[in-house]
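# Descriptive analysis of the structure
Residues per chain are reported as follows:
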Amino acid sequence: MKENAEGSRLEGVLRLLKENTSASISDIAEQFNVSQMTIRRDLQKLSEQGQVIRIPGGARIERWRGMERTFFERLENMSPAKHSIGKAAAALIRDGESVVLDSGTTTLYVARELRYRRNVVVVTFSLAVLEELASAEEIRLELTGGVYRASSHDLIGHGVAESLKSIYADHVLFGAAAVSFTRGVMVHDPDAQRELLQAGKQKVLLVDSSKIGIEATYRLCGIEDCDLILTDAMLPATDLARLRKFTQVQVAD
């Protein structure tokens, strides 16, 4: 009976990680109503089987059903939080200003809030942002060069980098896979456009609370390199206080 319960829980933990990419030990323990020590043992077993990757305080999974999760699958994860972050981010942009939008899922929520703004210039390498704003009459929409990548519905490569080097917008809004308190802002994407960070005056990181306090594969920049971090109200107060030691943080309603 005990082995059956353990097997069922392991399947549930793996399913949870597949749905959310990463999770903390405390969140998993609460979800399954067991001790954190039990979850540590579960994650160790899953790690030894090659099904998850251990990270400080939790675990993550690199692949979903044997392949990278698509842009549209990621879009549904933490959607209420992303909606509130997108609304708060759009409020930073005044009529007549310019903004560079990253290709992450959260920036699509920003684009939806910008549809009826006036005389705003939006530069992006996200095809999802392009489709969202293509019919917005008062938005001047500029698409970078680059090569299409289906999994993220965006453009990558030298063309994107060269386009971004010629831009200096009022705002740069970008996302990340993780924010580590020791390693900084991190991504899973080796093709992440670091030129993005030099393409505007105000650099604003848009990141939901599930991504804070974990690690990803590649370092994008330091937390202190962000002028502002926008996150959601589910972020624990202790993590919020730690972030504010690095830079300004706004919690979206």
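Up top is the structure.
In this report, the structure presented in the accompanying data block is examined. (Residues numbered from 1 in each chain as written. Predicted model: local features only at pLDDT ≥ 70, side-chain atom pairs only at ≥ 80, totals over all residues. Heavy atoms only, no water.)

## Describing the sheet that holds strand β1 (residues 22-24)
As a reminder, the rule being used: In this scheme, strands are said to pair when DSSP sees at least two bridges between them. Each helix corresponds to a stretch of at least 4 residues labelled H or I by DSSP, and each strand to a stretch of at least 2 residues labelled E; elements are numbered beginning at the N terminus. Convention adopted: a line fitted to C-alpha atoms gives each axis, helices being fitted over their contacting stretch, and angles between N-to-C directions are expressed from 0 to 180 degrees. What makes two residues a contact is simply this: any of their non-hydrogen atoms within 4.5 Å.
Read from one edge to the other, the open sheet built from three strands follows the order β1-β3-β2, with strand pairing classed as antiparallel. Because the sheet does not close on itself, it has two edges, and the strands there are β1 and β2 (53-55). Averaged over all adjacent pairs, the angle separating strand axes in this sheet is 25°, with direction ignored. Inspection of the sheet shows β1 paired to strand β3 (residues 58-60) by three bridges, in the antiparallel sense. Counterpart to Ser-22 in the pairing with β3 is Arg-60. Lying on the sheet, helix α2 (residues 25-32) is in contact with β1, β2 and β3; it crosses β1 at an angle near 80°. Contacts from helix α3 (residues 36-48) reach β2 and β3 within the one sheet, and its direction differs from that of β2 by about 140°.

## Observations regarding the nonpolar core
Filter applied, for reference: For our purposes a nonpolar core is just a set of buried Ala, Val, Leu, Ile, Met, Phe, Trp, Tyr and Cys residues, chained together by side-chain atoms within 4.5 Å. To sort residues, take the accessible area from a 1.4 Å probe on protein chains only and compare it with the maximum for the residue type: under 20% means buried, over 50% means exposed, and anything in between is partly exposed.
If you look at the biggest cluster of nonpolar residues, it comprises 33 residues, and the most contacted ones within it are Val-100, Leu-164, Phe-174, Val-185, Leu-205, Ile-229 and Leu-243. Secondary structure elements with two or more residues in this core: β5 (120-124), α8 (158-165), β9 (169-174), β11 (184-187), β13 (218-221) and α9 (237-243). With three residues, the top contributor of residues to this core is β9. Excluding residues within four positions of it along the chain, Leu-164 makes contact with Val-100, Phe-125, Thr-144, Gln-193, Glu-195, Leu-196 and Ala-199. Membership of the second largest hydrophobic core comes to 22 residues, among which are Ala-88, Leu-114, Leu-133 and Ala-252.

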